[in-house]
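# Per-entry structural report
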Amino acid sequence: MSSKESRKRSNRRSHKKPKCSTSTSSITDEGSNGSSSTDDYKHYRFRKGEYIKDYKVRRHISDGTFGRVLKVRRKSSKSYAMKIVRSNHAESAQQEADILFYLKKKDLNRYFVEIIDSFYHRGYYCMVFERLGPSLYDMLRMNQDRGIPMNLVRCISRQLLKCIGYLHDIRLTHTDLKPENILFSRIRELKKGQNDLYLPADHKIKIIDLGGAEFDDEDHNCIINTRQYRAPEVQLQCCKWDYKSDVWGIACIIFELYTGHLLFQTRKNEYEHMALVEKITEQNFPYWMASNVKGSLKYCFNTKNVTNGKYYQWPQGTTTKDSILKVQNQKTLREMILDPLLRDLLQKMLEIDPNKRISCFQALDHKFFCN
Ligand SMILES: Nc1ncnc2c1ncn2[C@@H]1O[C@H](COP(=O)(O)OP(=O)(O)O)[C@@H](O)[C@H]1O
Ligand SMILES: [Mg+2]
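Because the structure is predicted, anything quoted here is derived from the model rather than measured. (Residues numbered from 1 in each chain as written. Chains lettered and ligands numbered in written order. Predicted model: local features only at pLDDT ≥ 70, side-chain atom pairs only at ≥ 80, totals over all residues.)

So, about the overall build of the protein. Scanning the protein from terminus to terminus reveals twelve helices and twelve strands. A buried classification covers 40% of the 371 residues belonging to the protein. Within the protein, contacts between residues separated by at least 24 positions form 63% of all contacts whose residues are at least 6 apart in sequence. (Helix = DSSP H or I, 4+ residues; strand = E, 2+ residues; numbered from the N terminus. Buried ≥ 20, exposed ≤ 12 C-beta atoms within 10 Å, placed from the backbone. Contact = placed C-beta atoms within 7 Å.)

By size, the foremost hydrophobic cluster in this structure holds 92 residues, and its most contacted members are Met82, Leu160, Ile250, Ala251, Ile254, Leu346 and Met349. The element contributing the most residues to this core is helix α6 (residues 244–259), with ten residues. Mapped onto the domain boundaries, this core takes at least three residues apiece from domain 1 (29–129) and domain 2 (136–369). When neighbours within four sequence positions are excluded, methionine 349 is seen to be in contact with Val247, Trp248, Ile250, Ala251, Arg357, Ile358 and Ala363. (Core = buried A, V, L, I, M, F, W, Y, C linked by C-beta atoms within 7 Å. Domains from an automatic or database assignment.)

Moving on, we come to the site of ligand 1. In the vicinity of ligand 1 there are 21 residues, among which Gly64, Phe66, Val69, Ala81 and Asp209 approach most closely. Elements that contribute at least two residues to the shell around ligand 1 include exactly β2 (55–63), β3 (67–74) and β4 (79–85). Across the shell around ligand 1, the residue classes tally to nine nonpolar, eight polar and four charged. Each of domain 1 (29–129) and domain 2 (136–369) accounts for three or more of the residues forming the shell around ligand 1. (Near = placed C-beta within 6 Å. Nonpolar A, V, L, I, M, F, W, Y, C, P; charged D, E, K, R; others polar.)

Taking strand neighbours across the sheet as the criterion, the six strands line up as β1-β2-β3-β4-β6-β5 in an open arrangement whose pairing is antiparallel. Since the sheet does not close on itself, it has two edges, and those belong to β1 (51–52) and β5 (115–121), each with one partner. Looking at chain direction, β2 and β3 are connected through seven bridges and run antiparallel. Looking at the pairing, valine 57 lines up with valine 72 of β3. Packed onto the sheet, helix α2 (residues 90–105) meets β4, β5 and β6 (124–130) and runs at close to 25 degrees relative to β6. (Pairing = 2+ DSSP bridges. Axes fitted to C-alpha atoms, helices over the stretch in contact; angles between N-to-C directions.)

Position of cysteine 155 relative to the elements: it lies in helix α4 (residues 150–169). Residues cysteine 155 and phenylalanine 369, spaced 214 residues apart in sequence, show a C-alpha to C-alpha distance of 8.6 Å.

Bridge count between β5 and β6: six bridges; the pairing is antiparallel. Residue pairing across strands places aspartate 117 opposite valine 128, the latter belonging to β6. Linking β5 to β6, which pair antiparallel, is a turn of two residues; within it arginine 122 sits at a positive phi near 45 degrees.

This part is about the confidence of the model for the protein. Confidence along the protein averages 90 in pLDDT terms, with 89% of residues attaining 70 or more. Ignoring residues within four places in sequence, the model shows residues 1–11, a span with pLDDT below 50, making twelve contacts including any to other chains. The low-confidence segment residues 21–38 (pLDDT under 50) makes 39 contacts with residues lying over four places distant or belonging to another chain. (pLDDT = per-residue confidence, 0-100.)

Moving on, we get to unusual backbone geometry. Cis geometry marks the peptide bond from tryptophan 314 to proline 315, where omega comes out at 0 degrees. The topology assignment puts proline 315 in the loop between α8 (287–290) and α9 (321–329). Positive phi is not limited to glycine here, since aspartate 209 has a value of about 60 degrees. Mapped onto the fold, aspartate 209 is located in the loop between β11 (205–207) and β12 (214–215).

Take the environment of alanine 213 next. Mapped onto the elements of the fold, alanine 213 is located in the loop between β11 and β12. According to the C-beta neighbour criterion, alanine 213 is buried, with 27 such atoms within 10 Å. With 46 residues separating them along the chain, alanine 213 and leucine 167 place their C-alpha atoms 9.6 Å apart. The residues touching alanine 213, leaving out its near neighbours within four places in the chain, are Ile99, Leu172, Thr173, His174 and Thr175.

Moving on, we come to the packing of helix α7 (residues 270–281) against α9. Running from N to C, α7 and α9 cross one another at 20 degrees; their axes reach a closest spacing of 9 Å. Relative to α9, α7 is oriented roughly parallel. Where α7 crosses over α9, the handedness of that crossing is right-handed. Two secondary-structure elements touch here, α7 through Glu272, Ala275, Leu276 and Lys279 and α9 through Ser323, Lys326 and Val327. Across the contact of α7 with α9, the residue classes tally to three nonpolar, one polar and three charged. (Parallel < 35°, antiparallel > 145°, perpendicular 65-115°, else oblique. Left-handed = near helix turned anticlockwise from the far one by under 90°.)

Here it is as structure tokens:
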């Protein structure tokens, strides 16, 4: 990835919350300067040393799209991570807390961040979590877009599929899987190791950020995920998406761990994104998807008088030369992943048709994990 593309990674925005009410949320993933033009609600302004309930603020950890995360300490006991959610997203924050307490009750806090407490403070909804270590995104950024060793790719992928497989078992879809939302359990810093790469001492991961998680029986017609990890059926709005959309996102993450680069290097442009999907996977959108597209992409599909099975009409008259060249020069997954087992696994997880895409537990049975 070019350094320009790499810098753009930090501007990636989740597309979720308020929960699945419309096809466009109040925060878009297209913010160009790290802030959103449509979301003026600020992050909580904290003072070092102030008390929030009985937690003393030590320092800032990180800001997400919706929450500001601080390191806090309760009396003289352990330190925790406190997520303070922007006031206009309090409702989905409460839902995030409900889901995390539910997972804790089901003894799944081995795989997901453990929630300790939740409450309102000056109109802001706060959640107190166990403190975890750096994210996969932090690791990729520190390694300046170089991939990590295969044994670590395998170990993280296996855990990720297992965690999300358990979530799917209880009929929940995460909807916002990306490297920022996967953290190493141990607080310790990444250490320089093999080939000067920054790697974790302990490989155990946990999943965070369940603010957009949806049960199977909830409304599934909205746009979810950050664009680069978004499954085609979500973008095309051609059906009710389900847990298979998480599988697509996990495949994008596994690719990124292995190569250090985003699989779908596109922003702001759903037309180009869909062209890249066809190019990279070497598949065409099937008829049933092409004939049910909604939104602006609808006009790019022709399902009549098509003999070669290619319903997506791209480029169109308005497509820029740059975009045409980008798609033309894009390598396919087959060209980018030379390891045959990893390539086969990713091809099965990146089936355009969600009905043909494998599940997390089927992926875990793949030969790639036999080593
Ligand atoms: N329990 C935690 N321990 C340490 N860091 C955390 C923890 N939870 C979140 N973070 C950091 O804060 C960032 C934002 O948190 P997240 O829950 O993803 O918020 P948002 O919903 O705004 O995306 C994460 O990407 C991570 O870097
Ligand atoms: Mg997040």
